[in-house]
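Take a look at the letters that make up each chain.
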Amino acid sequence: MANVFRVDNQIAVVLGGAGGIGEAMASGLAEYGAKVVIADISQERVDAVASDIKAKFKGSEAIGVKFDVTDEKSVAALRDKVVSTFGTVDILVNSHGVNVKKMATEITVSDWDFIFNINVRGTMLSCREFGKVMIKNKKGKVINLSSVRGVRATAWGGNEAYASTKAAIDMITRSLASEWAPHKINVNAIGPSTVATKFSEATLNDPAKLQRFLSSCPLGRVGQPSDMVGACVFLASAASDFMTGQILYLDGGLTAIG
Ligand SMILES: NC(=O)c1ccc[n+]([C@@H]2O[C@H](COP(=O)([O-])OP(=O)(O)OC[C@H]3O[C@@H](n4cnc5c(N)ncnc54)[C@H](O)[C@@H]3O)[C@@H](O)[C@H]2O)c1
């Protein structure tokens, strides 16, 4: 039987690909045979990730593209660049994301709009633009980055905006899974708990928060970006062809007991 996890010659684009989780996922997809596009806000960082991937996996193809997920023209231009370089797109990973942690009485409208524009509107814009290509092809795999925070509140508060963006991403995932099922496009999400990246530094550097997190996690540790790779390859490959509209929690068991 062919290896159902291989994604040889599939074209994968990873938004937020210069971030901790995005980089690991892009690298994993390249290792399993995909040609990858690293998309993020800094040209220097996307180029560095693309070079690392090419150096790590002999014969792999990777390019970096600078874009801004809050700008719909930029998202469409990214789609055009991917298609003009590689001819199509098969796998879309939405791993961009931000948080601004403030207590409910402190958060400003501009904080709220900043988080929602990147996390929710950005994910929908990316799905809209890349979905047009996938619908034409009658083929595609979309992987959104959700979070345990889409279904579980943070014990120490200050996370209303972020948590509600992740709940919205869960519903975008389920709604698109339904809308695009006739086009043979699978839409799923990955819901991590705390993963050691720049994104989670504030939690990791606060001993009380870290202890509280660890005590809520049966496996008793923080996730690593490498812990995210297997599920990403699974959701990008034929191994997940009968799965759509699901949120796969990579959380050390946090949602099992919470
Ligand atoms: N690290 C965690 O603990 C954790 C837990 C659960 C979910 N997540 C989710 O996983 C995803 C990736 O997180 P990470 O840990 O890799 O974070 P990260 O901060 O390392 O990476 C996020 C990336 O998004 C990019 N980005 C931000 N604004 C952008 C914009 N306007 N346009 C394009 N790109 C933009 C950043 O430049 C960055 O490279 C996010 O959606 C995050 O919410 C992370």
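Scroll up to find the structure this text is about.
Residues numbered from 1 in each chain as written. Predicted model: local features only at pLDDT ≥ 70, side-chain atom pairs only at ≥ 80, totals over all residues.

Colleague: Mind laying out the overall build of the protein, listing which residues take part and the relevant values?
Modeller: Scanning the protein from terminus to terminus reveals nine helices and seven strands. Taking 258 residues into account, the globule formula puts the C-alpha radius of gyration at 18 Å, and the protein, at 17 Å, falls close to it. For the C-alpha atoms alone, the extent of the protein along its principal axes is close to 50 × 40 × 40 Å. Counting across all 258 residues of the protein, residues that qualify as buried make up 46%. Relative to all contacts within the protein whose residues are 6 or more apart in sequence, the contacts with residues 24 or more apart total 74%. (Helix = DSSP H or I, 4+ residues; strand = E, 2+ residues; numbered from the N terminus. Rg over C-alpha atoms; globule rule 2.2 N^0.38 Å. Buried ≥ 20, exposed ≤ 12 C-beta atoms within 10 Å, placed from the backbone. Contact = placed C-beta atoms within 7 Å.)

Colleague: Go over helix α5 (residues 160-180), please, and point to the residues and values.
Modeller: Helix length check: α5, at 21 residues, gives a terminal C-alpha distance of 30 Å against a target of 30 Å (1.5 Å per residue), a fit within 8%. The set of residues buried in α5 consists of A161, Y162, T165, K166, I169, D170, I172, T173, L176 and W180. On its buried face, α5 sits against α4 (109-137), β5 (140-145), β6 (185-192) and β7 (247-250). (Expected span 1.5 Å × (residues − 1).)

Colleague: Break down the site of the ligand for me, with residues and values.
Modeller: Lining the immediate surroundings of the ligand are 25 residues, of which G16, G19, G97, T197 and F199 lie closest. A breakdown of the residues in the shell around the ligand according to their chemical character gives ten nonpolar, twelve polar and three charged. (Near = placed C-beta within 6 Å. Nonpolar A, V, L, I, M, F, W, Y, C, P; charged D, E, K, R; others polar.)

Colleague: Can you explain the environment of S60? Please cite residues and give values.
Modeller: Mapping S60 onto the fold places it in the loop between α2 (43-56) and β3 (62-66). In this structure S60 touches A30, I53 and K54, once residues within four positions along its chain are discounted.

Colleague: Which residues make up the packing of helix α1 (residues 20-31) against helix α8 (residues 229-236), and what are the values?
Modeller: Where α1 meets α8, the closest approach of the two axes is 9 Å, and the angle between their N-to-C directions is 55°. By the angle class used here, α1 and α8 are oblique. Crossing geometry of α1 relative to α8 is assigned as right-handed. Residues A24, M25, G28 and L29 of α1 pack against V229, C232, V233 and A236 of α8. (Axes fitted to C-alpha atoms, helices over the stretch in contact; angles between N-to-C directions. Parallel < 35°, antiparallel > 145°, perpendicular 65-115°, else oblique. Left-handed = near helix turned anticlockwise from the far one by under 90°.)

Colleague: Which residues make up the sheet that holds strand β4 (residues 91-94), and what values do they have?
Modeller: Across the sheet, seven strands lie side by side as β3-β2-β1-β4-β5-β6-β7; this open sheet has parallel pairing. On the outer flanks of this sheet lie β3 and β7, each paired with one strand and no other. If you compare each strand with its neighbour and ignore which way they point, the axes differ by 20° on average. By the bridge criterion, four bridges tie β4 to β5 in an arrangement that is parallel. Within the sheet, the bridge partner assigned to I91 lies in β5 and is K141. (Pairing = 2+ DSSP bridges.)

Colleague: Describe in detail the pairing of strand β1 (residues 11-15), supporting the description with residues and values.
Modeller: Counted residue by residue, β1 has five buried out of five residues, so it is predominantly covered. Burial of the side chains of β1 extends over both faces: I11, V13 and L15 are buried on one face and A12 and V14 on the other. Relative to strand β2 (residues 35-40), β1 is paired through five bridges, and the arrangement is parallel. Looking across to β2, one finds that I11 is bridged to K35. In this region the chain leaves β1, passes through α1 and returns to the parallel neighbour β2; the handedness of that crossover is right-handed. Across four bridges, the pairing between β1 and β4 is parallel. Across the sheet, residue V14 finds its bridge partner in β4, namely V93. (Right-handed = clockwise from strand over helix to strand, strands pointing away.)

Colleague: Outline the packing of α4 against α5, listing residues and values.
Modeller: Where α4 meets α5, the axes come as close as 9 Å, and the angle between the chain directions of the two elements is 15°. As far as their axial angle goes, α5 and α4 are roughly parallel. In this structure, α4 crosses over α5, and the sense of that crossing is right-handed. Where α4 approaches α5, its residues D111, W112, I115, F116, N119, V120, T123, M124, C127, G131 and I135 are matched on the opposing element by A161, Y162, T165, A168, I169, I172, L176 and W180. By residue class, the composition of the contact of α4 with α5 is 14 nonpolar, four polar and one charged.

Colleague: Describe the environment of N137, and please don't skip the residues or the numbers.
Modeller: Within the fold, N137 resides in helix α4. On a C-alpha basis, the gap between N137 and V89 in space is 9.0 Å, while along the polypeptide they are 48 residues apart.

Colleague: Which residues make up the pairing of β4, and what values do they have?
Modeller: Alternating positions in β4 separate into two faces, I91 and V93 on one and L92 and N94 on the other, with burial throughout. Taken together, β4, α4 and β5 constitute a β-α-β crossover, and its handedness is right-handed.

Colleague: With reference to specific residues and values, describe α8.
Modeller: Burial analysis of α8 places six of its eight residues in the buried class, the great majority of the element. Turning to α8, its buried residues number three or more, namely V229, A231, C232, V233, L235 and A236. Each element contacted by the buried residues of α8 is listed here: β1, α1, β4, β5, β6 and β7.

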